[in-house]
Amino acid sequence: MSAVRRVRLIVVTGVTVLLAALSIGGSGQLAPAYANGLPVASADVSPAAASTTTVESVIADDGRVVLLLGEAPSSMTSAMGFPMYQYATSGDDGATWSAWQQTSRLPRPATRDPQGGMHGAVAIDGLANGTPYQVMVRWGEYVLGEMVLRGEPTAPFSVTPVAREGSVFVPLATPLRAVDTRVGGGKIASGAAAARVVDLSATQVGATPILPAGAVAAAYNLTAVTPAQPGHFRIMPDDVASVESSSLNFAAGQSIANAAVVKVAPNRKVRIDNRAAAPVDAVLDVVGYFMPVSKATVAQKSAGLFSGLAKPARVYDSGNPGIKAGGEVTFSVRDELNGALGIVPPGATGVAYNATIAAPLGGGNLSIAPAGQPTSSSALNWSVPGDKIANASFVAVSADGRITVRNNSGGTVRIIIDVTGYFSGTGQSFYPLSPTRLFDTRTFCDGAARPSSGPASAGVEPQGGECDGTIRAGTSDQPSRVRKWMRDDLYFTPPTATAAMVNLTATRVTGAGHLRMFPFGQQVPASSILNWTSAGQTRANGTVATVGTYSVPGFGSTPGLVEFAHYSSFYAPMDLVADTYGYFN
C-alpha cells in the first residue's frame with residue numbers, strides 16, 4: 001500500500017520548515033517536528049510497508065536534517081553493541097536516489113531516551129537551503145568490516161532546510177541597568193506565575209532604548225540581593241512559557257551575580273522567574289546585545305564577530321594580598337602573563353573573560369569596564385570572607401586593548417582575569433537559542449534522581465555521554481576528567497559550531513574544589529571556570545565553551561566536545577549541570 005503524503009508549510013520565528021508525512025512502521029503515530037529548537041507541529045505518519053526503522057522526530061534547519069530515531073531491534077545491533085545508520089537522499093522528488101551513505105552518528109540526549117535502549121540520531125549535513133529533499137533511513141550493522149543493510153527502510157519523506165541568520169555582538173561602553181527591584185517594583189515573588197517581565201526596549205537617558213529594535217539577544221549580569229531563602233533564578237524570552245534551566249543560584253543571605261546571554265522575544269522582553277521559597281530582590285544589567293547581520297551597521301559587522309581561544313589566557317593576577325579596598329587597576333588584555341604575545345589582536349573591540357576573586361576580607365563587588373570608562377555596575381559579587389568565586393562575561397576594550405577593574409569592597413582582595421575569546425571583524429556569528437538543558441549528572445537516563453553518593457564514590461569514571469553519574473572525586477593535584485557534548489537538546493547546534501554559550505552549575509559538592517573546562521584534545525589549562533570553598537555550596541557561571549572534535553578511526557568524527565577537570569579536596573565528588581543559550585558558528 002503506498003503512503004499518502006501530506007505536506008505542511010510551517011513558519012516559526014523566521015525559520016521555515018517544509019514537512020511531508022513520515023511513513024514508518026505502524027499507523028496512527030505522530031512524529032514531532034521542530035524549528036529553532038522549539039516544537040512547531042506533528043508530522044503526519046501514514047501506514048507503510050513493514051519497517052524496522054522508526055523516526056520519532058525531524059529537525060530541518062540551516063543546511064542539515066536531523067532525525068531522532070526509535071530503538072533499534074535487538075537483532076539489528078552490531079557486535080560492538082550499537083547500531084549504525086544509513087541514509088539515501090533524492091533531490092528530484094524520488095526519481096533518482098543517492099547510494100546508501102553512512103550517517104554522522106550523534107549521541108542521544110537523556111531527555112529523549114526515557115527508556116534507554118539502542119536509540120540514535122541521524123545527521124545529514126551539506127544540504128542546500130531552500131531545496132526540498134526526499135529522505136529514507138534504515139538500520140545497518142558491520143559484519144567483518146563491511147556495512148550490511150538490515151530490514152526495510154522508512155518510506156520517503158520530504159524536508160526543506162532553511163538558513164538561519166547569525167548575529168554580531170555590540171558591547172556597551174557602560175552597562176545599562178534594566179531593573180533594580182530595590183528601587184522599583186519590589187521583590188520578585190516565587191514561582192513561574194509571578195515571574196517579572198523586564199522590557200529591554202525601555203528608554204534610558206537621552207531616549208535611547210536598552211536594546212535597539214531588531215536585537216535578538218542580550219548579554220547581561222543578573223544579581224540576587226540578600227535573599228532570605230536559598231534558590232535560583234531562571235531567565236528566558238518573554239514568549240517562552242517556562243524553562244528548566246537555571247541562570248543564577250544563591251544561598252540565604254548571599255548577594256551573588258552571574259552573567260550570560262539570553263535570547264529576547266520579538267518585543268524585546270525577558271522574564272525572571274524566582275525559584276526560591278521567598279521573594280528576592282534582583283538587579284539586571286545589560287552589558288551588550290546581539291544584532292542580526294542583516295540589520296547591523298557596517299561598523300557593528302566589522303567589530304562583532306567572535307573568536308574563541310583554544311585555552312583560557314591569564315592576562316592579570318594581582319597576587320596576594322591583592323588590590324586594596326576602593327583600588328583599581330588598568331591593564332592590557334592582549335598579552336598573556338606567561339609571555340605569550342598577541343592572544344587578543346589589535347583592533348579587537350571586546351573580550352570574553354572570566355573574573356575570579358580569592359580570599360576577600362569581607363563582602364563586596366568588582367566593576368569591570370573599558371579603560372577610561374566609568375561604571376557603577378557590578379561584574380562580580382561576594383558576601384563571605386575568605387570565599388573564592390568566579391563570574392564570566394563580555395566587556396568592551398579601549399582602543400589600545402585595555403580594561404579597568406575596580407575593587408568596590410571594604411577590604412583587600414586577590415583578583416584574577418582570564419580571557420576566553422575576543423570580538424573583532426573576523427570570526428563567528430552568534431545564534432541564540434531558548435534556554436535548553438544539555439546535561440544533569442544528578443539524574444539517570446530515565447529521569448529518576450541519582451543518589452548524591454552515586455557511582456563516583458566508588459571511583460567509577462564517567463564515560464562522557466548525557467547519562468553519566470556524579471563526577472568522581474579528584475584531588476588537588478590529580479583531577480578526575482569527564483567529557484561532555486555541548487549540543488542543545490534537539491541538535492540545533494550544528495557540527496560547524498566552534499563554541500557554545502553555556503551556564504555551568506556545580507552542585508552537591510562534598511568538599512572544596514574547582515572545575516576547569518577546555519576543548520577536547522587540548523591540554524588541561526591553569527585557569528578554573530567554577531570555584532567552591534566548602535561542601536554543600538551551589539555555584540553557577542555563564543561562559544563560552546570552545547569545543548573540540550571526537551574522532552574514532554573508521555567511525556568518523558563528531559564535533560562539539562569539551563572536557564572538564566575536577567580538582568577537589570581529598571575524595572570529594574560533585575555534580576554538574578549545563579544549560580545552553582546559543583552557539584557561535
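Our subject is the structure that appears above.
A brief report on the enclosed structure follows. Counting from 1, residues in each chain are numbered in the order their sequence is written. With pLDDT at 70 or above as the cut-off, local features in this predicted model cover only qualifying residues; side-chain atom pairs require 80 or more to be listed or tallied, and sums for whole chains, interfaces and linings still use all residues. Heavy atoms from the whole structure form the basis of all side-chain values; hydrogens and water molecules are not counted.

A short note on the pattern of salt bridges
Phase 1: Salt bridges are counted wherever a side-chain nitrogen of Lys or Arg sits within 4 Å of a carboxyl oxygen of Asp or Glu. Under the counting rule described, the total for this entry stands at 16 salt bridges.
Phase 2: Ionic pairing is found between Arg406 and Glu328, a salt bridge with its closest N-O pair at 3.4 Å. One end of the pair, Arg406, is in strand E29 (residues 402-407); the other, Glu328, is in strand E24 (residues 328-332), with 78 residues separating them in the sequence.
Phase 3: Residue exposure (1.4 Å probe, protein chains only): buried if accessible area is under 20% of the type maximum, exposed if over 50%, otherwise partly exposed. On the accessibility criterion, Arg406 (32% relative accessible area) is partly exposed. Numbering goes from the N terminus for both helices and strands, where a helix is a DSSP run of H or I of at least four residues and a strand is a run of E of at least two.

Brief notes about the environment of Phe584
Phase 1: Tracing the sequence through the fold places Phe584 in strand E39 (residues 575-584).
Phase 2: Residues Phe584 and Pro494, spaced 90 residues apart in sequence, show a C-alpha to C-alpha distance of 9.7 Å.
Phase 3: By definition in these notes, contact holds between two residues if any of their heavy atoms fall within 4.5 Å. Other than its neighbours up to four places away in sequence, Phe584 contacts Phe290, Phe306, Phe423, Gln428, Ser429, Phe430, Ala497, Thr498, Ala499 and Val544.

Things to note about the sheet that holds strand E23 (residues 305-317)
Phase 1: Two strands pair under a simple rule: DSSP has to find at least two bridges between them. Taken in spatial order, the four strands line up as E23-E30-E25-E28 in an open sheet, and their pairing is antiparallel. Taken across any chain shown, the strands that pair with only one partner, and hence form the sheet edges, are E23 and strand E28 (388-396). Across the sheet, the mean angle separating the axes of adjacent strands is 20° when strand polarity is ignored.
Phase 2: As judged from the eight bridges shared by E23 and strand E30 (residues 414-424), these two strands associate in the antiparallel manner. Across the sheet, Ala313 pairs through a bridge with Val419, a residue of E30. The angle between two axes is taken between their N-to-C directions and runs from 0 to 180 degrees, where each axis is a line fitted to C-alpha atoms and a helix contributes only its stretch in contact.

Considerations on unusual backbone geometry
Phase 1: Between Asn320 and Pro321 the backbone carries a cis peptide bond, its omega angle lying at 10°.
Phase 2: You can see Pro321 is positioned in the loop between E23 and E24.
Phase 3: The backbone of Arg268 shows a phi angle near 65°, a positive value even though the residue is not glycine.
Phase 4: Given the relative accessible area of 18%, Arg268 is considered buried.

Structural notes on the nonpolar core
Phase 1: For this analysis, a nonpolar core means a set of buried residues of the types Ala, Val, Leu, Ile, Met, Phe, Trp, Tyr and Cys, connected via side-chain atoms within 4.5 Å. Counting 79 residues, the largest nonpolar core has Phe394 and Ile417 as its most contacted members.
Phase 2: Looking at this core element by element, the count peaks at seven residues for strand E22 (residues 281-292).
Phase 3: Not counting residues up to four positions away in its chain, the partners in contact with Ile417 are Ala313, Arg314, Val315, Tyr316, Phe331, Tyr353, Asn354, Ala355, Ile368 and Val405.
Phase 4: One finds Met486, Met517, Leu530 and Val562 within the second-largest nonpolar core, a separate group that totals 22 residues.

A few points about the environment of Val264
Phase 1: Among the structural elements, Val264 can be located in the loop between strand E20 (256-263) and strand E21 (269-274).
Phase 2: Residues Val264 and Ser434, 170 residues apart in the sequence, show an inter-C-alpha distance of 8.7 Å.
Phase 3: When sequence neighbours within four positions are dropped, the list of residues in contact with Val264 reads Leu200, Leu211, Ala215, Val216, Ala217, Ala218, Pro237, Lys269 and Val270.

Overview of the packing of aromatic side chains
Phase 1: When the centres of two rings from Phe, Tyr and Trp lie within 6.5 Å, Trp using its six-membered ring, the rings pair. Their planes under 30 degrees apart give stacked, over 60 give edge-to-face, and anything left gives tilted. Tallying each qualifying case throughout the model produces 13 aromatic pairs.
Phase 2: Relative to Phe331, the ring of Tyr316 lies with its centre 4.5 Å away and its plane at 10°, an arrangement referred to as stacked. A residue pair is termed long-range when its members are at least 10 positions apart, and Tyr316 in strand E23 and Phe331 in strand E24 qualify at 15 residues. The exposure classification of Tyr316 matches that of Phe331, with both residues buried.
Phase 3: In textbook terms, an aromatic cluster arises when at least three aromatic residues are bridged by ring pairs, as seen for Phe169, Phe290, Phe306, Phe394, Phe423, Phe430 and Phe584.
Phase 4: Over the ring of Phe439 we find Lys484, and its NZ or CZ is 4.4 Å from the ring centre. Ring-over charges, as used throughout, are those where CZ of Arg or NZ of Lys falls within 6 Å of the ring centre and within 35 degrees of the ring normal.

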